[in-house]
Amino acid sequence: MSKAKVLLVSVVWLVILSIGVSLYRFWYVPTTKMQAEQAQEELLDATSEDSQYVHRIRLGLDGFSGYAILRSDEMRQQLRSRSIKLDVVDDGADYERRLSALASGDLQIAAFPIDALLKASERMQSLPATIVALIDETRGADALVAYQDKFPNIDSLNSPNTRFVLVGDSPSETLVRVLMHDFQLDAVTGSSFDRVSSEQEVLSRYRAARPQGDEVFATWEPVVSELLENDQIHVLVDSSRQSGYIVDALVVSRDFLVKNEPVVQQILESYFRTLYSFGEGERLLNLVRRDAIDGGAKITVEQAQRLTDGIAWKNTQENFAHFGLRSDSVAYVEDMIDRIKLVLMETRGLASDPTGGDSSKLFYGQVLRELQSAGFHPGVSPESVRSEQKLVQLSESQWNNLREVNVDVGEFLFSLAQTGTLF
């Protein structure tokens, strides 16, 4: 056989071999793998039960004690009865990540402080989530604490050396910004903040701090109670002095809400029934304490009581009132958002208004409206709506009968400013 024929035969066999290899790699192997996977899937289906859940919901939050209701077994049981499975995702108060997860669909709902929602939305330059209900307002559960000898009062904070250790963009930062706004702490600026990424980092900074150091710790329960175990530490100010600023909301992905509004309504029903079932007594106290311990906190019954007293959970009727569905002496949710935006923008906590001047873009009341129209009530006994405290005008005789007392004028003026009656 000539060399030319040998070469030709070699080329033909090489082509045939290449075709064979290609068929094996790109047809036989994938087909065999697909058939194996299909057989495995059929085997799983044949030996598995149908899920009782129709919907699987991922809820984003952090360790704040106000979210104990959402984390409770009772909440899961309520949703289970509606064929909804709840998976709780704790992101350690990473609010930007939480909002991004809502935008991407990795989360469907989340607990969000309104101030943190505004900041995260501004950074994202979009509004991927909307408020459908209010969860709670802290009345002391967020606090500014420090060594008493170094920082005896609020005025002592007004120094360029003061370092506020806090979770960035959280209600703790807003607490400080409200002080800056209302107490005119002109020596305090944005550079005074030492931002950390979690409550545990706040605790770490506290453990490394010196009594005469410049650190002031802004945080929330149950971390506040842990810091107060040290009798050298005291509370400079807490959220009981700041009605309407530290408010937590339940927010929903707009995409999920449009496609699944009846499911969102079932989630709200389940939440309000769970909240109602705990009441305001020992059962709620035990839940909050157990929740804090499960989160790693060492907390006594007395501390748990103070913690519980510092959170005002918003019931069904209070939500109706805040969303303008009944007439009561409470703040309308839009006015709350406006008020929070004002403080944040005046203290440069917000570079711009993410709502473009229209706070109604950040909440949606139709789900609550449907609950009210359906006559929804979470239990048998009626719920009360707690009115916001207002100062009353004194008569001339009452003014004449006032007694002189020693008082911190700065803190007194701060209290008046918070009620809106100073001017």
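One can find the structure itself at the top, above this paragraph.
Quick notes on the rules
- Residues numbered from 1 in each chain as written.
- Predicted model: local features only at pLDDT ≥ 70, side-chain atom pairs only at ≥ 80, totals over all residues.
- Heavy atoms only, no water.
- Phe/Tyr/Trp six-rings, centres within 6.5 Å; stacked < 30°, edge-to-face > 60°.
- Helix = DSSP H or I, 4+ residues; strand = E, 2+ residues; numbered from the N terminus.
- Buried < 20%, exposed > 50% of the residue type's maximum accessible area, 1.4 Å probe, protein only.
- Lys NZ or Arg CZ within 6 Å of the ring centre and 35° of its normal.

Student: Help me get a handle on the packing of aromatic side chains, residues and values and all.
Tutor: Enumeration over the complete set of coordinates arrives at seven aromatic pairs. Ring geometry for Tyr206 and Phe217: centres 5.8 Å apart, planes at 90 degrees, overall edge-to-face. Separated by 11 residues along the polypeptide, Tyr206 in helix α7 (residues 199-208) and Phe217 in strand β8 (residues 215-220) bring together distant segments of the chain. In this pair, the class of Tyr206 matches that of Phe217, namely buried. Feature note: the residues Phe323, Tyr332 and Phe363 constitute an aromatic cluster, connected by ring pairs. Geometry around Phe151 places Lys150 over its ring, the cationic atom sitting 6.0 Å from the centre. The lysine or arginine in question, Arg283, covers the ring of Phe278, its NZ or CZ lying 4.4 Å from the ring centre.

Student: Give me the lowdown on unusual backbone geometry, citing residues and values where you can.
Tutor: Note that the residue after Glu221, namely Pro222, is joined by a cis bond; omega there is 5 degrees. As for its placement among the helices and strands, Pro222 is situated in the loop between β8 and α8 (223-227). Unusually for a residue other than glycine, Gln125 sits at a positive phi of about 60 degrees. Positionally, Gln125 belongs in the loop between α5 (114-124) and β4 (129-138). Although it is not a glycine, Gln184 sits at a positive phi angle of roughly 55 degrees. Topologically, Gln184 is positioned in the loop between α6 (171-183) and β7 (193-196).

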